[in-house]
Amino acid sequence: MRIVLAIAIWALCVGGVRLYLAHRDENRPAAPPAFERREAPGAYALELTTTFGWRPQSAEPDPFSLSGEPEAPTPPLRVQLDGREILAWTRELKPGEPVRAADIQGVKTGKNEFFIRALPQGEHAGARHAVRVRLFRDERPLADRTFWTEGALGLAETVSIEVEPEPRAPGEAEHAH
Amino acid sequence: MWRNLPFLVLAACLALVPARAAEKKLIVCSTTQVADFTRQVVGDRARVACILAPGADPHLYEPKPGDAKLVQQCDLVIQNGLGLEGKNWMANLAQDAGKPVVAATAGVKPLVLDEHGATHDDPHAWFDPVNAAVYVKNILESVSKLDPDHAEEFAARAKLYLQHLRVLDAWIKEQFNAIPKEQRILVTSHDAFNYFCQAYGFRNQAPAGWTTEGEITPEQRQKVVASIASFGVKSIFVETSVNPKTIQDIARDAGVKVGGELYSDSMGPAGSAGEEYLGMMRENVLTILHALK
C-alpha cells in the first residue's frame, strides 16, 4: 500500500511539474512585433583611406585566418553591414589613395552599424596606422571618422551611423558614433 | 510515508534533469595542450577530458584501465600526433575502443630531427603559435563534423582564439627583440623547443635529444657543457615535465645558473599561470627573457 501511494505521489509531482512547464508560457503576453526598419532612400558609398599599402602578389597566406582557402591571402580591408560583407579589398592598396565601395545596398533608416576590419601585413604589420572612413549619401558626406590600428590586431571597429528617412539640407550633418 | 515525500519530490526533479546533460558529446584528448585548444573551440557545448595530467610526460606515459573506460564512452579522440604519444598509446586506445581519432598536427610542416643517424619528426609543434593555429583549425574541422548543429558557434570561438594567437606571436617577437641575437641560446632538458627556437631566432641545445626516454651519456653531457662555455650562455632551463637533475648538474659543471622552469610537454596544474596555452607561452617567454637579458 505504501509503495503504491509513493508511486502515486511521485507521478503527481512529475506530472504537475511537466504540466506547469508545458503551459506556463500560454498566458504570457505576446512578444511585441519586431521593429521594422525601412530601406533608406538614396545612393550610399563608403570610402576608406589607409596609411598602409598592400600588394596581393607579395601577400603571404595569413596563418591566423579562418578562411576556407588556406593559401588565399587575407584582405587588408573588409567592411560588413548587418553581418553582410560589403567590401573585401583584394587588389593593390596604396597609402593615401581612397578605396571606394559604391552602391551599398541594405542601408536602413535609423542606426546602421558598419564593422571595419583593417589588417596591415608584411612590412606594415604591428606598426600604428590610420584608417579614414567616410560614408556618402548621394555623394554628400554623411560621416567622416578616423581610426588607428592596434599592434598585431590591426583595426576592428564599428561605426554606427544614424540615417534619417529623408536627406538633410546641405550643411546639416547626420550622426556618427 | 510522509517522511519519504521530500526524497520523492527530489527524485522527480532529478528525473527531468539528466536528459540535458547526456546531450553533450565527450571528446577525449591526449595532452593538456590539445585539450586546451579543444576547450577553446567547443566552449561548454561538449565535455573535454584529458588523459594526461598536468606535468605528466607524453613520451613515457603508460595508459591506465580508467583511460580505456573513458575512451569507450567518448565520441571523438584528438591526439597531438607526430609520435608525441610514445608507442602510439592514444591511437591504440582509440582503436581498441573503435573510436575515431584525429591528429591535431595534420598539415603542420614538421621539423626533422637527426639523432645518431635515425630521423624523426619533431612532435612539439605547438611551441610555434603559427602551428598552434593549425591545431585549432584541425580541431574546429573535427568537432564541426561531430556536432554540425553548433559548427557556426565553434567557428566563432576558433576565430577569436586565432586572434589571441596572432597577438601572442607578435608580443613574443616584440619581447625577444630585447635579447641580442647572439645571446638567444636556449639550453633545456630535452629537444622540445625546436619550433619555438626556429620561430623566434634562438639556437637550442638539449642533452637528452627529442624524447625524454633513456639517460644521457657522459659524452653528450660533456658536449653540452663545452657548447655552453663556447657560446657564453648565461642561463639554462629545466622543464616542468622532466626530471631537473641533469640540467642542474650541467649548470654546475658549466658554471652557469639555472634560469628557471619552462612548461614543455605539459601545461601547468589548475590554478597556475600555465594552465592554459596562452599563459604557458607567456610565462615561458618571461622566464627566458628574465634569464637571458
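Fair warning: this is a prediction, and the values are worked out from it, not measured in the lab. (Residues numbered from 1 in each chain as written. Chains lettered and ligands numbered in written order. Predicted model: local features only at pLDDT ≥ 70, side-chain atom pairs only at ≥ 80, totals over all residues.)

Enquirer: Hey, could you run me through the overall build of chain B in this one?
Expert: The secondary structure content of chain B amounts to 11 helices and 10 strands. The proportion of buried residues among the 293 residues of chain B is 42%. Intrachain contacts of chain B at a sequence separation of at least 6 include 61% that bridge at least 24 residues. (Helix = DSSP H or I, 4+ residues; strand = E, 2+ residues; numbered from the N terminus. Buried ≥ 20, exposed ≤ 12 C-beta atoms within 10 Å, placed from the backbone. Contact = placed C-beta atoms within 7 Å.)

Enquirer: Would you explain the packing of helix α4 (residues 65-73) of chain B against helix α5 (residues 89-97) of chain B in this entry?
Expert: Axis angle and axis distance: for two packed helices, these are the angle between their axes and the distance between the axes, and together they describe the pair. All names here are of chain B. Where α4 meets α5, the axes come as close as 9 Å, and the angle between the chain directions of the two elements is 55°. In terms of axis orientation, α4 runs oblique to α5. In this structure, α4 crosses over α5, and the sense of that crossing is right-handed. Packed against α4, whose contacting residues are Asp-67, Ala-68, Val-71 and Gln-72, the element α5 presents Leu-93, Ala-94, Asp-96 and Ala-97 at the interface. (Axes fitted to C-alpha atoms, helices over the stretch in contact; angles between N-to-C directions. Parallel < 35°, antiparallel > 145°, perpendicular 65-115°, else oblique. Left-handed = near helix turned anticlockwise from the far one by under 90°.)

Enquirer: Help me understand the domain arrangement of chain B in this model?
Expert: Quoted interface sizes are often the accessible area lost when the parts come together. Residues and elements named next belong to chain B. Along its sequence, chain B is carved into domain 1 (14-168) and domain 2 (179-292). One C-alpha centre belongs to domain 1, the other to domain 2; they are set 25 Å apart. Between domain 1 and domain 2, the residue contacts involve 28 residues of the former and 24 residues of the latter. Every element with two or more residues in the side of domain 1 that touches domain 2 is listed here: α3 (32-42), β5 (112-115), α6 (129-146) and α7 (151-176). Examining the composition of the side of domain 1 that touches domain 2, we find that four residues originate from one element, α3, more than from any other. Partitioned by chemical class, the residues of the side of domain 1 that touches domain 2 number 13 nonpolar, 10 polar and five charged. (Domains from an automatic or database assignment. Nonpolar A, V, L, I, M, F, W, Y, C, P; charged D, E, K, R; others polar.)

Enquirer: Would you explain the packing of α7(B) against helix α11 (residues 277-292) of chain B in this entry?
Expert: Residue and element names in this part refer to chain B. The geometry of α7 relative to α11 is characterised by a closest axis approach of 11 Å and an angle of 0° between their N-to-C directions. Classified by the interaxial angle, the pair formed by α7 and α11 is roughly parallel. Residue-level inspection shows His-164, Leu-168, Ile-172 and Gln-175 of α7 in contact with α11, the latter providing Leu-278, Met-281, Val-285 and Leu-289. A breakdown of the residues in the contact of α7 with α11 according to their chemical character gives six nonpolar, two polar and no charged.

Enquirer: Is there a simple way to explain the sheet that holds strand β3 (residues 76-79) of chain B in this structure?
Expert: Sheet strands pair via backbone hydrogen bonds, and the direction of the pair is either parallel or antiparallel. All names here are of chain B. Pairing is parallel across the open sheet formed by four strands, whose spatial order is β2-β1-β3-β4. If you trace the sheet from one side to the other, it starts and ends with β2 (46-50) and β4 (101-103), each paired once. Strand after strand, the sheet turns through a mean of 25° between neighbouring axes, direction not considered. Bridge count between β3 and β4: three bridges; the pairing is parallel. Residue pairing in the sheet places Gln-79 in a bridge with Ala-103 of β4. Where α3 meets the sheet, it contacts β1 (25-29), β2 and β3, and its direction lies at approximately 170° from that of β2. On top of the sheet, α6 reaches β1, β2, β3 and β4; it is set at about 175° to β3, its chief contact. (Pairing = 2+ DSSP bridges.)

Enquirer: Which parts of the structure should I look at to understand the nonpolar core?
Expert: A general tendency of soluble globular proteins is for nonpolar side chains to be buried together. If you look at the biggest cluster of nonpolar residues, it comprises 73 residues, and the most contacted ones within it are Ile27(B), Val41(B), Val77(B), Ile78(B), Tyr135(B), Val136(B) and Ile139(B). Considering every element that reaches this core, the biggest residue donor is α6(B), with eight residues. Filtering out sequence-adjacent residues up to four positions away, Ile27(B) remains in contact with Thr38(B), Val42(B), Ala46(B), Val48(B), Cys74(B), Asp75(B), Leu76(B), Ile78(B) and Val143(B). By size, the runner-up hydrophobic cluster in this structure holds 22 residues, among which are Leu46(A), Leu93(A), Leu119(A) and Val163(A). (Core = buried A, V, L, I, M, F, W, Y, C linked by C-beta atoms within 7 Å.)

Enquirer: Before we go on, may I ask you to explain unusual backbone geometry in this structure?
Expert: A negative phi angle is the norm for most residues apart from glycine, just as the trans form is the norm for most peptide bonds. All names here are of chain A. Not every positive phi belongs to a glycine, and Asp-82 is a case in point at roughly 55°. Tracing the backbone through its elements, the reader meets Asp-82 in the loop between β2 (77-81) and β3 (84-89). Classification of Asp-82 by C-beta neighbours within 10 Å gives partly exposed; the count is 13.

Enquirer: I would appreciate a short explanation of the sheet that holds β3(A) in the present structure.
Expert: Residue and element names in this part refer to chain A. Ordered by their spatial adjacency, four strands build an open sheet running β3-β2-β5-β8, and the pairing between neighbours is antiparallel. The sheet is open, and its two edges are formed by β3 and β8 (155-163), each paired on a single side. With direction set aside, neighbouring strand axes in the sheet form an average angle of 20°. With five bridges connecting them, β2 and strand β5 (residues 110-118) associate as antiparallel partners. Note on β5: the bridge partner recorded for Val-79 is Ile-116.

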